[in-house]
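# Notes for the structure review
Okay, here's what each chain looks like letter by letter:
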Amino acid sequence: MYEPIRTKSVHSSMAGTPSDFPHRSREEELEFQLAGHLAALLAVTDELRALTPSTELDAAGERLAAQVARLRGSGAPVRAVPAGAGADDARALHERAHTLAGRALVVAASRADTAAAILAAQQMDFHAAALEPRELASR
């Protein structure tokens, strides 16, 4: 009636067995995430530079590119030539940049990357100021 199992169980423990796919450490994963957030922020910054050229955005773009290159361990990141957007898109781009800078700040703080955290905080301040309503100069 009852026959004992003669084959090895497919539900064996994974403890002590080497995995067949690579794993990243927590530090490597945070570095990867931070580079991604900063690269996305760089892309939005380049879009804003196409809409409203300014020396502040130029300097921010260069600093962001340097941080992305440092984190990726490679040369300067590829920077796309942005297509022109409308004036209504500038506000949306500033909001997007502010969000990305916030995400970068959280990850930079998690990995204790002071340079990236300072840059992300400065970008948050810049984009928050750009989102504030302007007072009329005619007062």
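Just so it is clear, the model here is predicted, and its values are computed rather than measured. (Residues numbered from 1 in each chain as written. Predicted model: local features only at pLDDT ≥ 70, side-chain atom pairs only at ≥ 80, totals over all residues. Heavy atoms only, no water.)

### Here's the deal with unusual backbone geometry
In the Ramachandran plot, Ala-112 falls in the positive-phi region, its phi being about 55° despite a non-glycine side chain. Tracing the backbone through its elements, the reader meets Ala-112 in the loop between α3 (87–110) and α4 (114–131). Residue classification places Ala-112 among the exposed positions, given a relative accessible area of 63%. (Helix = DSSP H or I, 4+ residues; strand = E, 2+ residues; numbered from the N terminus. Buried < 20%, exposed > 50% of the residue type's maximum accessible area, 1.4 Å probe, protein only.)

### A closer look at the confidence of the model for the chain
Note that predicted coordinates carrying low pLDDT should not be read in detail. This prediction gives the chain a mean pLDDT of 83; 79% of its residues lie at or above 70. The least confident element of the chain is α3, whose mean pLDDT is 90; the most confident is α4, at 94. (pLDDT = per-residue confidence, 0-100.)

### Focus on the pattern of salt bridges
Taken as a whole, this structure holds 7 salt bridges when the rule is applied. The residue Asp-46 makes a salt bridge to Arg-49 at a minimum N-O spacing of 2.9 Å. In this pair, Asp-46 and Arg-49 both sit in helix α1 (residues 26–51), 3 residues apart, roughly one turn of the helix. In this structure Arg-49 comes out as partly exposed when scored by relative accessible area, which is 28%. (Salt bridge = Lys/Arg side-chain N within 4 Å of Asp/Glu carboxyl O.)

### Focus: α4
Its 18 residues place the ends of α4 26 Å apart at the C-alpha level, agreeing with the 26 Å of an ideal helix rising 1.5 Å per residue. Taken together, the buried positions of α4 are occupied by Ala-116, Ala-117, Leu-119, Ala-120, Gln-123, Met-124, His-127 and Leu-131. Projected down its long axis, α4 shows its buried positions confined to an angular sector of 165°, all on one face. Seen from the buried face of α4, the exposed residues on the opposite side, beyond 90 degrees, are Thr-114 and Asp-125. (Expected span 1.5 Å × (residues − 1). Arc of directions from axis to C-beta.)

### A word on the packing of helix α2 (residues 55–72) against α4
Axis separation between α2 and α4 bottoms out at 11 Å; the angle between their running directions is 150°. For the element pair α2 / α4, the angle class is roughly antiparallel. Considering the relative orientation of α2 and α4, their crossing is left-handed. Every residue of α4 that contacts α2 at Glu-56, Leu-57, Ala-60, Arg-63, Leu-64, Gln-67 and Arg-70 is listed here: Ala-115, Ala-116, Leu-119, Gln-122, Gln-123 and Phe-126. (Axes fitted to C-alpha atoms, helices over the stretch in contact; angles between N-to-C directions. Parallel < 35°, antiparallel > 145°, perpendicular 65-115°, else oblique. Left-handed = near helix turned anticlockwise from the far one by under 90°. Contact = heavy atoms within 4.5 Å.)

### Description of the nonpolar core
If you look at the biggest cluster of nonpolar residues, it comprises 25 residues, and the most contacted ones within it are Leu-34, Leu-38, Leu-41, Val-44 and Leu-64. For this core, the elements supplying multiple residues, two or more each, are α1, α2, α3 and α4. Per-element accounting of this core gives the leading share, 8 residues, to α1. Non-local contacts of Leu-41, meaning those with residues more than four positions away in its chain, are made with Leu-64, Ala-97, Leu-100, Ala-101 and Gln-123. (Core = buried A, V, L, I, M, F, W, Y, C linked by side-chain atoms within 4.5 Å.)

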